[in-house]
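The lines below spell out each chain.
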Amino acid sequence: MRKRHSTLVLAVALALAPAMLCAQADSSGSDADSAAQAVYESQRAALIKQLQATQDQLSQLRGQRVALEAEIDNAMAQTTARRANDLLMSTEQNALVELDKTLSTAQDNMQAQRDRMSALGDAVKRRSGAVLVVLLRADSSQSSPTAVEMSLDGGPPDTRTYSAIATQALSQGAVDELFRSAVLPVAHTVNVSVTVNGQPVTSRASVNAQVNVVTYLQFTVRNGQVVPNTWTSQGTTPF
């Protein structure tokens, strides 16, 4: 009976041995994890502290930079003021300031006056119904233009260059519309300079624009010359 009891105790001890070993292993692993976590938290806290110190130093440097720039700007302003006082008397400086104000006011008034005159001219053009159309054509392939420059009433010229296809089209009877716009019903002067065979050929024509009429002015390149021709129409096309 005693022998059987000893055998039973030994069997229970052998059965519990793996569990005890696992518990000891778990305890050792938990202690190792806790130690590693403590080291990580310590290093993390040190790095955060270093980062905060670096940010504080950067903020201080930025503040010092702003203060230095303000001092430089102040020094430049003081230098400029001293030079102005050295070069100009105070009364003369005030006179120049007043003159600048007067000129600025006059310039604003002139701009406003020009805008009013331009608006009035546009209104007159719209009410008059006078339209001027300037055309260009060539009568043969020997008189094919490669470029043209046109100006109206001495204004800035409008220049255009023809490609090989456009030059061929003009030589075959095509017509290029150089200008079309509403104008005042008065006499207008049109200047053209046509490049033919590498040589510029000029022509000038005066035409009277009529109320509620489309006035056509056509320049024809013919035998090395530019010949003007005019006609009027009640519609919008020359035919």
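Below is a summary of the structure that appears in this document.

The rules we used
- Residues numbered from 1 in each chain as written.
- Predicted model: local features only at pLDDT ≥ 70, side-chain atom pairs only at ≥ 80, totals over all residues.
- Heavy atoms only, no water.
- Helix = DSSP H or I, 4+ residues; strand = E, 2+ residues; numbered from the N terminus.
- Buried < 20%, exposed > 50% of the residue type's maximum accessible area, 1.4 Å probe, protein only.
- Areas by Shrake-Rupley, 256 points an atom, 1.4 Å probe, with all protein chains shown as cover.
- Contact = heavy atoms within 4.5 Å.
- Pairing = 2+ DSSP bridges.
- Axes fitted to C-alpha atoms, helices over the stretch in contact; angles between N-to-C directions.
- Salt bridge = Lys/Arg side-chain N within 4 Å of Asp/Glu carboxyl O.
- Patch = residues over 30% accessible without salt bridge, like charges linked within 9 Å, V, L, I, M, F, W, Y side chains within 5 Å.

1. Looking at the overall build of the chain
Moving on, step 1. When you go through the chain residue by residue, the secondary structure sums to 3 helices and 8 strands.
Moving on, step 2. For the chain, the sequential pattern of α-helices and β-strands runs α-α-β-β-β-α-β-β-β-β-β.
Moving on, step 3. Expressed as a percentage of the 239 residues in the chain, the buried residues total 19%.
Moving on, step 4. As presented, the chain carries roughly 17400 Å² of accessible surface, and 57% of it is formed by carbon and sulfur atoms.

2. Things to note about the side chain of T220
Moving on, step 1. Mapped onto the secondary structure, T220 falls in strand β7 (residues 214–222).
Moving on, step 2. Not counting the four nearest positions on each side in its chain, T220 is found in contact with R137, D139, Q225, V226 and V227.

3. Overview of the sheet that holds strand β4 (residues 175–182)
Moving on, step 1. With respect to topology, 4 strands assemble into an open sheet ordered β4-β1-β7-β8, the strand pairing being mixed. Taken across any chain shown, the strands that pair with only one partner, and hence form the sheet edges, are β4 and β8 (225–233). Pairwise comparison of adjacent strand axes, ignoring direction, gives a mean angle of 15 degrees for this sheet.
Moving on, step 2. Pairing geometry for strand β1 (residues 131–138) and β4, over 7 bridges, is antiparallel. Its bridge partner lying in β4, L135 is registered against E177.

4. A short note on the pattern of salt bridges
Moving on, step 1. According to the stated counting rule, one finds 5 salt bridges in the structure shown.
Moving on, step 2. The shortest N-O distance in the salt bridge between R65 and E69 comes to 3.2 Å. Within this pair, R65 and its partner E69 are both found in helix α1 (residues 2–87), separated by 4 residues, close to a single helical turn.
Moving on, step 3. By relative accessible area, R65 is classed as exposed at 58%.

5. Considerations on the pairing of strand β2 (residues 145–152)
Moving on, step 1. In this structure, β2 lies alongside strand β5 (residues 187–196), joined through 7 bridges in antiparallel fashion. Bridge pairing in β5 places A147 opposite T195.
Moving on, step 2. Sheet analysis places β2 next to strand β3 (residues 158–161), joined by 4 bridges and oriented antiparallel. Residue E149 lies in a different strand from β3, and its bridge partner there is T159.

6. Looking at the side chain of S233
Moving on, step 1. As for its position among the elements, S233 is in strand β8.
Moving on, step 2. Look at S233 and you get buried, because its relative accessible area is 18%.

7. Things to note about unusual backbone geometry
Moving on, step 1. Not every positive phi belongs to a glycine, and D153 is a case in point at roughly 55 degrees.
Moving on, step 2. Structurally, D153 is set in the loop between β2 and β3.
Moving on, step 3. The exposure class of D153 is partly exposed, given its relative accessible area of 43%.

8. With respect to the sheet that holds β2
Moving on, step 1. One open sheet accounts for 4 strands, arranged β3-β2-β5-β6; its pairing is antiparallel. Every other strand in the sheet has two partners, leaving β3 and β6 (199–208) as the edge strands with one partner each. Sheet twist, expressed as the average angle between the axes of neighbouring strands with direction ignored, equals 15 degrees.
Moving on, step 2. In this sheet, β6 lies alongside β5 in antiparallel orientation, the contact comprising 10 bridges. What sits directly across from H188, in β6, is V207.

9. Details of a nonpolar patch on the surface
Moving on, step 1. On the surface, L68, I72 and M76 cluster together into a nonpolar patch covering about 300 Å² of accessible area.
Moving on, step 2. Looking at where I72 falls in the secondary structure, it is placed in helix α1.
Moving on, step 3. Owing to a relative accessible area of 44%, I72 belongs among the partly exposed residues under this scheme.

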